[in-house]
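Working through the structure, step by step
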Amino acid sequence: VASKDETTESSEDEEHEGGALGGLMSYMKQKLNISGPQEPPVKVLSSLDVDGVVQHMKSDNCRNIITMAGAGISTSAGIPDFRSPESGLYNNLQKYNLPYPEAIFELNYFRKNPQPFFTLAKELYPGSFDPTPCHYFIKLLENKGLLLRHFTQNIDTLEYVAGISEDKLVEAHGSFRTAHCIQCRKLYHQNWVKDQLFSDHIPSCTECAGVVKPDIVFFGEGLPDKFFQRLSSDFPSCDLLIIMGTSLTVQPFASLIDNVPASCPRLLINREAVGESDSVMSMLQNLMGKSGGLQLKSPHNTRDVALLGDCDDGCLLLAEKLGWKEELDELIVAGKKNGTDEAKV
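Just so we're clear, the structure is a prediction, and the values are computed from it rather than from any experiment. (Residues numbered from 1 in each chain as written. Predicted model: local features only at pLDDT ≥ 70, side-chain atom pairs only at ≥ 80, totals over all residues. Heavy atoms only, no water.)

Let us now look at the sheet that holds strand β4 (residues 174-181). On the basis of which strands lie adjacent, the open sheet formed by 3 strands has the order β5-β4-β6 and antiparallel pairing. Among the strands making up the open sheet, the edge pair consists of β5 (187-189) and β6 (212-216). In this sheet, adjacent strand axes meet at a mean angle of 40° when their direction is disregarded. As paired elements, β4 and β5 share 3 bridges and run antiparallel to each other. (Pairing = 2+ DSSP bridges. Helix = DSSP H or I, 4+ residues; strand = E, 2+ residues; numbered from the N terminus. Axes fitted to C-alpha atoms, helices over the stretch in contact; angles between N-to-C directions.)

Below you can see the structure in the form of structure tokens.
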């Protein structure tokens, strides 16, 4: 039987942990003899808001920034994302007569019927769109010597158009820059595939007549080796993780957010809050001394900040607060000029 002092202490702990859920958590810790992390995470940000992130970025403690991006950073360029209601790509594929929307990116379906993919690819082919302020903000981070790596889910190659160095870029889902025959694996380059597409031909291998598929990752294919190599080498060194324009629902990309150190600040720039653990999962992860997902609403949050709204607006606001607005504007203007000059050639 617990003493009065022990009962009082237990009640106070339960209130501190957050009511019934916190009480259950404390009980399980005692029964399973799990103490959780030995030391509380170091709080790096002076405040859990954009100003706190900006102050951190200006400090000597922020030298290795990793950016993670999804389709949301390219929507203002005119490229649809995948899952937005009504405007998302998956909701506008009826004309392709697919058995289900995701089939257009499934390898087995592509082998049987590649025409829907190539029809869509012609509509969305790189070279028809310009980079957004988000892309140029990432390039500005590189110019400042702060960008450790940019991990992208996008296949639109707009990072390259914006001038981000190949060494700084990890295309988690591949890109259109190269292609291979799905039978003999002969290599082809983007311009050859583009010529085939815009001549309304399904790209066929000159060696074996197999279908030539751009090197984007379909469902059923593995991610590039570079993704896993950079994951292992980069994330332990990260001083700030910036997550932009992604639903954080596609694995293993979504789990990247949990690979930075426990004290590393994480900034989400997105139209809505994503990547948060539900209460039960969060409790179990806390029991094991781990942090799963963003902790934006958690009373235990020490590092996560959300800047909700359009990604371009978020990057422009960051640039302004950092005193970089003129430099970002110059990159955007120069990029548009280069695009216009190329179009005249």
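Here, UniProt's "binding site: Zn(2+)" (unreviewed entry) annotation points to Cys 181, Cys 184, Cys 205 and Cys 208. In terms of the greatest pairwise C-alpha distance, the residues named above, spread along 28 residues, form a tight cluster of at most 8.5 Å across. Take Cys 205: it is sitting in the loop between α8 (190-197) and β6. Taking relative accessible area as the criterion, Cys 208 reaches 32% and is therefore assigned partly exposed. (UniProt positions renumbered as here; feature names shortened; annotations may be inferred. Buried < 20%, exposed > 50% of the residue type's maximum accessible area, 1.4 Å probe, protein only.)

Attention now moves to the packing of helix α3 (residues 50-58) against helix α11 (residues 311-322). The contact between α3 and α11 brings their axes to 10 Å, and the two run at 55°. Relative to α11, the element α3 lies oblique. Once α3 is placed against α11, the crossing between them reads as right-handed. Between α3, through Val 50, Asp 51, Val 54, Met 57 and Lys 58, and α11, the contact on the second element is made entirely by Leu 318, Lys 321 and Leu 322. Along the lines of polarity and charge, the residues of the contact of α3 with α11 split into 5 nonpolar, no polar and 3 charged. (Parallel < 35°, antiparallel > 145°, perpendicular 65-115°, else oblique. Left-handed = near helix turned anticlockwise from the far one by under 90°. Contact = heavy atoms within 4.5 Å. Nonpolar A, V, L, I, M, F, W, Y, C, P; charged D, E, K, R; others polar.)

Another point: the UniProt feature "active site" (unreviewed entry) in the protein chain. The feature "active site" (unreviewed entry), as given by UniProt, occupies His 173 in the numbering adopted here. As for its position among the elements, His 173 is in the loop between β3 (169-171) and β4. Those residues within four positions of His 173 in sequence are excluded, and the remaining contacts are Thr 152, Gln 153, Ile 155, Asp 215, Ile 216, Val 217 and Val 250.

With parallel pairing, the 6 strands of this open sheet are ordered in space as β3-β2-β1-β7-β8-β9. The outermost strands of the open sheet, each flanked by one partner alone, are β3 and β9 (304-308). Here the strands of the sheet are splayed against their neighbours by 15° on average, with no regard to which way each runs. Pairing between strand β1 (residues 65-69) and strand β7 (residues 240-244): 5 bridges, direction parallel. When the bridges of β7 are listed, Met 68 appears paired with Ile 243. Along the sheet, helix α9 (residues 225-234) makes contact with β1, β2 (147-152) and β3, crossing β2 at roughly 140°.

So, about unusual backbone geometry. A cis amide bond links Gln 251 with the next residue in sequence, Pro 252, at an omega value of 5°. Secondary-structure assignment places Pro 252 in the loop between β7 and β8 (266-270). The backbone of Arg 185 sits at a positive phi, close to 70°, despite the residue not being glycine. Here Arg 185 is to be found in the loop between β4 and β5. You will see that Asp 200, though not glycine, has its phi angle at about 60°, which is positive. Structurally, the position occupied by Asp 200 is in the loop between α8 and β6.

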